[in-house]
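Structural characterization, general
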Amino acid sequence: MELVKNLDQDREKILKSLTGVKNNEKIQKILNKELDLLMYRYLEEETSELPKRMAQGLFETAKASLGLTDCLGESEVWERKVKEDKSGKVKDARMFRIYALILICLGVILAVASYVMPLFQKGMKFSFANMLVLLLGALFLFLGGLTLKKPSNTAESELRVETYLDPEALFRELRTIVMVIEQTLSEAKDQDYFDQKEKKKKEAEAMDRGTIELFAGLLEASLSEDGDYALSETAKVKYYLHQRGIETVSYQEDKKQMFDMIQTGPEDPYETSLSGTKQEIITLRPAMVSGDKVLKKGLAGKR
């Protein structure tokens, strides 16, 4: 299975899932899911045992290494004013105080009123009332200005940096990991094929002479087109098994537990009863026994 090719087919889906994600844990979850998917596909298609065993360990190692991923993209830096309240909690500090603005607005309104009032009085005279309104407005402006000004120790600046990981860089790193896994598994598959070939070669070279002679005779009999010769060669199998402690047992009533039974004659019980003959049981395949252990049950048929 071509792991990198399968990963490339999922490229657009992965990039879409990673775009705009700032949470490292969520990013790792997305990449782990893709690695799991590739691993399951590989295990389903691969037939060699060694690569299949290695694949699980390699993919688990790859998932663990994703926690060290560092593929930085764009960064955003922003500042906010914070202050500590009476309870010791840190909260956002306002850039201005509402009541200070209210005092300033009142001061401006009174100052304007002190100027406008004489316009509506006879003779356009500046009265004591005008003076009082003007002084009151000036007082509000003064108090508002004092209140608006904050001591430098009441608010502090807090800088924050938010960094977005680069989806393209993340995919390239994932692709590199998968490429290494694919190469390792490919080498393991080649090694497994070579080991199995060597194992079969050694088994063949270690085969005893009697086994080789038996198989050679059976092959010769199958090609001779001589039925009698083929049967005589087949009979050698019993001797071959006997030499290795395996006996062939034909069907007997006291050994029927060693056999599976099938019907080879008429299945209608009325036909059997009318004929007046008793069903005969014949051995279709002898049972193979070693000591008290049945290695292969035989097959017997009723006719």
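Up top you'll find the structure we're talking about.
Description of the structure in this document.

Cut-offs used in this document
- Residues numbered from 1 in each chain as written.
- Predicted model: local features only at pLDDT ≥ 70, side-chain atom pairs only at ≥ 80, totals over all residues.
- Heavy atoms only, no water.
- Helix = DSSP H or I, 4+ residues; strand = E, 2+ residues; numbered from the N terminus.
- Buried < 20%, exposed > 50% of the residue type's maximum accessible area, 1.4 Å probe, protein only.
- Pairing = 2+ DSSP bridges.
- Axes fitted to C-alpha atoms, helices over the stretch in contact; angles between N-to-C directions.
- Parallel < 35°, antiparallel > 145°, perpendicular 65-115°, else oblique.
- Left-handed = near helix turned anticlockwise from the far one by under 90°.
- Contact = heavy atoms within 4.5 Å.
- Nonpolar A, V, L, I, M, F, W, Y, C, P; charged D, E, K, R; others polar.
- Salt bridge = Lys/Arg side-chain N within 4 Å of Asp/Glu carboxyl O.

1. Quick notes on the side chain of Asp10
- By the element assignment, Asp10 lies in the loop between α1 (3–9) and α2 (11–18).
- When its relative accessible area of 11% is taken as the criterion, Asp10 is described as buried.

2. A few points about the sheet that holds strand β5 (residues 259–263)
- With mixed pairing, the three strands of this open sheet are ordered in space as β5-β9-β6. Taken across any chain shown, the strands that pair with only one partner, and hence form the sheet edges, are β5 and β6 (281–285). Shown here is a sheet whose adjacent strand axes are inclined to one another by a mean of 35°, direction ignored.
- Looking at chain direction, β5 and strand β9 (residues 298–302) are connected through five bridges and run parallel. By the bridge assignment for β9, Met261 is matched with Ala300.

3. Notes on the sheet that holds strand β8 (residues 293–296)
- Strand order in the open sheet formed by three strands is β4-β7-β8, with antiparallel pairing between adjacent strands. Edge positions in the open sheet fall to β4 (247–249) and β8, since each of these has one partner strand only. Pairs of neighbouring strands in the sheet enclose a mean axial angle of 40°, with direction left out of account.
- Taken together, the three bridges between strand β7 (residues 287–290) and β8 define a ladder with antiparallel strand orientation. Looking at the pairing, Val289 lines up with Val294 of β8.

4. Looking at the packing of α2 against helix α3 (residues 24–45)
- One way to put it is that α2 packs onto α3 with a least axis distance of 10 Å and a crossing angle of 160°. One element, α2, and the other, α3, form an angle in the roughly antiparallel class. Viewed along their axes, α2 and α3 form a crossing whose handedness is right-handed. Together, Lys13, Ile14, Ser17 and Leu18 of α2 and Ile27, Ile30, Leu31, Glu34 and Leu37 of α3 make up the contact between the two elements.
- Split by residue class, the contact of α2 with α3 holds six nonpolar, one polar and two charged.

5. Some details on the pattern of salt bridges
- Taken as a whole and judged by the stated rule, the model has 13 salt bridges.
- One salt bridge connects Arg175 with Asp8, and the closest N-O pair in it is separated by 2.9 Å. Linking Arg175 in helix α7 (residues 167–205) with Asp8 in helix α1, this pair joins segments that are 167 residues apart in sequence.
- For Arg175, a relative accessible area of 27% translates into the label partly exposed.

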